[in-house]
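Listed below are the residues making up each chain.
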Protein chains: 2
Amino acid sequence: MDNSLHLAQSLRKAGLRLTPQRLAICSFLASTDQHPTAQMIYDQVRPQFPTLSLATVYNTLETLVQLGVINTLGGTGSEAERYDADTSPHVNLSCVSCQRVIDFPSQHLHALEDEVTSRSEYRLLGSRFLFFGLCPECQAT
Amino acid sequence: MDNSLHLAQSLRKAGLRLTPQRLAICSFLASTDQHPTAQMIYDQVRPQFPTLSLATVYNTLETLVQLGVINTLGGTGSEAERYDADTSPHVNLSCVSCQRVIDFPSQHLHALEDEVTSRSEYRLLGSRFLFFGLCPECQAT
DNA sequence: TTGTATGCAAAAACTTTGCATCCCA
DNA sequence: TGGGATGCAAAGTTTTTGCATACAA
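Residues numbered from 1 in each chain as written. Chains lettered and ligands numbered in written order. Predicted model: local features only at pLDDT ≥ 70, side-chain atom pairs only at ≥ 80, totals over all residues. Heavy atoms only, no water.

A. Molecular detail of the packing of aromatic side chains. Evaluated as defined, the whole model comprises three aromatic pairs over all chains. Pairing F129 of chain A with F131 of chain B gives two aromatic rings, centres 5.3 Å apart and planes at 80°, and the pair type is edge-to-face. With F129 of chain A in strand β5 (residues 123–134) and F131 of chain B in strand β5 (residues 123–134), this pair bridges two chains. Classification of F129 of chain A as buried rests on a relative accessible area of 2%. On the accessibility criterion, F131 of chain B (1% relative accessible area) is buried. (Phe/Tyr/Trp six-rings, centres within 6.5 Å; stacked < 30°, edge-to-face > 60°. Helix = DSSP H or I, 4+ residues; strand = E, 2+ residues; numbered from the N terminus. Buried < 20%, exposed > 50% of the residue type's maximum accessible area, 1.4 Å probe, protein only.)

Printed below as a string of structure tokens:
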């Protein structure tokens, strides 16, 4: 599935403009698994758009979050917000040493989501599942 | 279980000083279910300590997080970090409208934790489970 | 064309740090 | 008493906002 298209199309469906900047940000989000911060996106997309501004990155991310097509993970460590283009229920593993975040598919999340849906009165819009720990590489150090 | 004592004792066990400010912050954390931000703690504890500084609140929270006796939830919304004195595996439900966060005990988290422990190479140190949505009150509006 | 989106810069919000003083162990 | 903790203020980060211009639809 071309998730880049998915992100871009959700902008159009919402009646928003598909600018080159937004498209570049969507493409980057869809292509990476690094759960980037706004600054990381800015640094890596800017070469294609020398005048791209960080404000636009923040604005676009906020728009995509509002549309529900990307998630925020909350700061991991004491740094900036991280974004995840994968909104399907999944677990993220965050290394407290090297700061990297990886995905971890789990078989239990659907049951968890069903439980919350049936036993709470909340109308669910998104989720965030994070474990903190030391990744294999950092344990070796 | 007196969780306030638990927090305070973990400071002593770590060889750290149990100052009145730290005790007040621990007591407040243990007594509330509002998953407060540093500012919320400051506002509500300060009446007892007119000279309490926000820096001390941040320092103490950082210390407690390092000790592993409280968790951070990550900003919910676009605001500040929220803290949770309940480190047992549990789900938090965050209302995107009124910003309140409540606890939701789940039967599936132990299975999830076991799965991550056995199928990843990470040494786990903490976790964060959050659903975003509309609480019953805000749905009614 | 028309109003949304952008870029820039300034401001706001949040968090950390330096340092002199204080005080718990 | 001594070294960690505090309070204050200043600095550092991260994020948002105002406004004139540009441009997608």
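Here the narrative resumes.
B. Here's a closer look at the protein's contact with DNA strand C. Around DNA strand C, the surrounding shell holds 19 residues, and the nearest of these are R17, T19, R22 and T56 of chain A together with Y58 of chain B. Within 4 Å of the protein, the contacting atoms of DNA strand C are drawn from sugar and phosphate to the extent of 75%. Residue R22 of chain A places a side-chain N or O atom 2.9 Å away from a phosphate oxygen belonging to DNA strand C. Within the contact set of DNA strand C, a phosphate oxygen lies 2.6 Å away from a side-chain nitrogen or oxygen of T56 of chain A. Elements with a minimum of two residues in the surface near DNA strand C: α2 (20–31) and α4 (54–67) of chain A together with α4 (54–67) of chain B. (Near = heavy atom within 4 Å. Polar contact = N/O pair within 3.5 Å; in protein donor to acceptor, adjacent residues only side chain to side chain.)

C. Quick peek at α2 of chain A. Across its twelve residues, α2 of chain A extends 16 Å between first and last C-alpha, which sits within 8% of the 16 Å expected from 1.5 Å per residue. Taken together, the buried positions of α2 of chain A are R22, A24, I25, C26, F28 and L29 of chain A. (Expected span 1.5 Å × (residues − 1).)

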